[in-house]
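Examination of the molecular architecture
These are the residues of each chain, in order.
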Amino acid sequence: MIKDREKHTVGLVAIGRIPEMVLKVISGHILGYLNLPTCCLPAQGLPQACLDEKRLQYDAGKIIQHLESCAFADCTKILGLVEADLFVPIFTHVLGEAQQGGDHAVISLSRLQYRNNGTRSSEAEFYERSAKVALHELGHLFNLFHCRDSHCLMHFSGTIETLDAIELNYCPACRNFLDGPRRPALASIGPDG
Amino acid sequence: MQDRMRIMVVDDEMIVRESFYHWFNKYGHETETAASGDEALEKLERRRFDLLFVDIKMPGMDGLELLDHIKARYPETFVVIITAYGSIESAVKAMKSGASDYLLKPFKPEHINLVMEKIFQQKALKAEYQYLKNQFGEMTRFDNIIGESPAMTRVFDMIPEVAESDATILLAGETGTGKELVAKAIHAKSSRANHPFIPINCGAIPESLLEDELFGHIKGAFTGADKNRQGFLEIVCGGTLFLDEIGEISMKMQVDLLRVLEDRKIKRIGSNQTTDVDFRLICATSRSLDGLLTAGTFREDFYYRINVIEIRIPPLRERKEDIPLLTEHFLAKYSQQTTKHADRVDRGAEKILKSYDWPGNVRELENAVERAVVLSKSRTLTERDFSFLKAASAAVPEGRSLIEMEKHHIKAILDECGGNMSQTARILGINRSTLYQKMNKYGLHRNMD
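Scope of this entry: the structure provided in the associated data block. All figures in this text were calculated on a predicted structure; none of them were measured in a lab.

What follows is about the overall build of chain B. The secondary structure content of chain B amounts to 19 helices and 16 strands. Split into buried and exposed, the 449 residues of chain B put 45% on the buried side. For chain B, the proportion of contacts with a sequence separation of at least 24, taken over those separated by at least 6, is 68%. In the form shown here, chain B has an accessible surface area of approximately 23,000 Å², with 51% of it arising from carbon and sulfur atoms.

Turning our attention to the interface of chain B and chain A. Contact residues are listed per partner, giving 26 residues for chain B and 26 residues for chain A. Of the roughly 2,300 Å² buried where chain B meets chain A, counting both sides, 63% is carbon and sulfur surface. When the buried surface of chain B facing chain A is broken down by residue, B:Tyr21, B:Lys26 and B:Pro109 rank first, second and third, together holding 27% of it. Summed over the shared surface of chain B and chain A, the result is one salt bridge. A salt bridge links A:Glu97 to B:Lys26; its shortest N-O distance comes to 2.7 Å. Put simply, chain B and chain A have five residue pairs in polar contact (both at pLDDT 80 or more) between them. Where the side of chain B that touches chain A is concerned, the elements lending two or more residues are helix H1 (14–25) and helix H5 (109–140) of chain B.

Let's shift gears to helix H10 (residues 251–263) of chain B. Residues and elements named next belong to chain B. Over its 13 residues, H10 extends 18 Å from the first C-alpha to the last, a length consistent with the 18 Å expected when each residue adds 1.5 Å. At its buried positions, H10 is contacted by helix H8 (207–215), helix H9 (232–235), strand E10 (240–244), strand E11 (265–267), strand E13 (280–285) and helix H12 (300–306). Immediately beyond the C-terminal end of H10, within one or two residues, lies Arg264, with a positive phi of roughly 55 degrees.

Further remarks concern the sheet that holds strand E4 (residues 78–84) of chain B. Residue and element names in this part refer to chain B. Here we have five strands laid out as an open sheet, ordered E2-E1-E3-E4-E5, and parallel in their pairing. Only two strands of the sheet have a single neighbouring strand rather than two, namely strand E2 (30–34) and strand E5 (101–105). The average angle at which neighbouring strand axes cross in this sheet is 20 degrees, direction not considered. Relative to E4, strand E3 (residues 51–55) runs parallel, the two sharing five bridges. Its bridge partner being in E4, Val54 is matched across the sheet by Ile81. Running over the sheet, helix H3 (residues 63–73) touches strand E1 (6–10), E3 and E4 and is turned about 175 degrees from E4. Most of the contacts of helix H4 (residues 88–96) go to E5, to which it runs at about 160 degrees, and overall it touches E4 and E5.

Calculation notes
- Residues numbered from 1 in each chain as written.
- Chains lettered and ligands numbered in written order.
- Predicted model: local features only at pLDDT ≥ 70, side-chain atom pairs only at ≥ 80, totals over all residues.
- Heavy atoms only, no water.
- Helix = DSSP H or I, 4+ residues; strand = E, 2+ residues; numbered from the N terminus.
- Buried < 20%, exposed > 50% of the residue type's maximum accessible area, 1.4 Å probe, protein only.
- Contact = heavy atoms within 4.5 Å.
- Areas by Shrake-Rupley, 256 points an atom, 1.4 Å probe, with all protein chains shown as cover.
- Buried area = accessible area lost by both parts, 1.4 Å probe.
- Salt bridge = Lys/Arg side-chain N within 4 Å of Asp/Glu carboxyl O.
- Polar contact = N/O pair within 3.5 Å; in protein donor to acceptor, adjacent residues only side chain to side chain.
- Expected span 1.5 Å × (residues − 1).
- Pairing = 2+ DSSP bridges.
- Axes fitted to C-alpha atoms, helices over the stretch in contact; angles between N-to-C directions.

As structure tokens, this is what we get:
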């Protein structure tokens with residue numbers, strides 16, 4: 001089990017218009033897969049400062065900074081859910097972003113609602129993808145790295161196709177990591193520090 | 001992802017550095033960043049990096065200039081160039097300058113994974129190549145010949161000098177002195193190093209077979225010649241042919257080889273057609289070729305043709321100061337090859353090793369150390385582990401001539417007396433000057449150990 005599991009509560013923050021059912025599904029999966037309690041924090045509007053007007057996408061790093069600036073009581077890990085498309089400066093898009101070994105992560109539901117051919121996915125597909133991305137980013141918060149096992153939840157997936165190919169489960173190695181004593185956070189210094 | 005790597009991201013835009021930094025952290029890579037080419041070079045000076053992501057457009061030193069510096073100073077470091085759309089030309093230029101790949105930003109996340117996968121493959125191939133190169137170097141490297149005695153230093157000094165020329169070399173030395181190792185070292189240092197080195201022991205091959213081995217044959221040349229076959233003189237093509245125990249070849253073979261050396265052409269057995277050959281010849285002998293010349297069993301013209309440069313490899317008894325170094329080398333070799341961990345010899349064992357005459361030279365020492373390592377039960381080899389050498393030294397081999405018996409006897413008494421010549425002469429019943437003359441004649445030295 002995750003060390004000091006009883007001390008952790010995952011706070012879910014809806015940023016923008018997020019269907020209530022998605023929050024419930026993700027909450028259920030966090031409880032089921034990580035055995036961690038969740039709480040729904042007050043919903044927020046999309047912070048316009050995070051919008052890149054040239055790209056018409058929201059900067060995932062800035063949204064994480066925004067979440068950091070909000071004082072959420074009683075939650076050790078915060079997961080923001082955004083309806084809009086996210087990016088980090090070097091990438092065209094990301095499905096989610098998290099601080100490795102940190103406390104804040106964000107996921108985007110924007111691309112999870114459609115199939116590769118542009119048609120709308122079924123609700124079941126959408127919920128399952130949402131749960132996968134949420135559990136993946138939470139894995140990073142508990143200091144799991146990207147995994148080589150192409151079936152593992154921690155395997156990197158940048159497209160809906162690859163996301164659908166991974167299983168809704170951590171591989172034994174990642175599961176052992178979550179269940180064992182946690183590795184110390186990788187980097188306590190910033191990229192320029 | 002496979003191994004973790006040490007990565008540096010060089011970009012003047014902090015936001016790009018941050019993005020890469022966080023991305024690589026998610027894979028467990030150790031990541032550092034630099035805001036300029038100068039900062040990157042400073043960091044490279046302090047520690048080794050496996051991979052650098054370098055932005056092509058930076059104020060001051062640009063990515064291409066940095067790439068040139070990296071490739072000149074740290075060629076083992078992989079570099080991936082980051083560029084914006086519209087700078088493809090620069091990216092191509094970077095690839096030509098040694099970049100491993102390039103990324104057009106912004107890129108899809110899976111693209112960076114593909115690039116990383118490619119780098120991992122290149123890294124694995126490089127490591128494999130390095131391993132094989134080391135293995136090959138192990139077989140041919142110059143320092144495989146161990147010794148720091150003045151006698152061996154002279155040989156070491158000659159190797160690079162003679163390697164540069166294409167002159168035929170005669171290596172003279174007793175059996176087991178390492179003639180083939182010297183020949184390999186000359187080959188490895190020469191411009192022919194990338195071509196074959198073919199050693200042939202002339203003493204171990206019957207004459208008819210040796211001719212076939214060297215010259216090859218055509219189909220039907222003799223009974224059993226059911227197809228054309230190249231000889232080593234052709235196969236060696238551009239390399240070095242090492243003929244060991246050259247004193248053993250027949251007069252006819254000497255004539256044949258002399259002709260090859262003169263004309264650089266051969267005819268396969270049974271063929272009238274000539275083929276050009278290109279090789280360097282190194283010969284070796286453990287017998288005195290002068291003696292063979294006198295006896296008329298070795299042709300003078302062939303002798304002078306192969307003896308353009310003569311290198312004498314000293315026997316081990318003439319360079320006993322190398323014995324501890326050689327012993328240490330063989331101990332390390334056999335401790336590694338066997339499950340035994342003997343890694344030192346005590347003073348008693350060292351004394352035995354130094355006082356023994358080593359008629360079989362370095363090869364005999366190697367065998368002795370191997371035997372001692374295999375049979376030893378402790379980490380330190382003692383006098384007891386080398387007791388078989390004492391027995392061999394004391395025993396008078398059968399079938400030797402009177403001269404050899406006399407030499408052996410004088411040596412044994414000299415050793416027994418710890419090199420004291422007066423005492424030795426008294427025991428032998430001869431005077432000191434006679435003893436001195438005989439010692440000179442037999443090449444005996446006072447062993448003060």
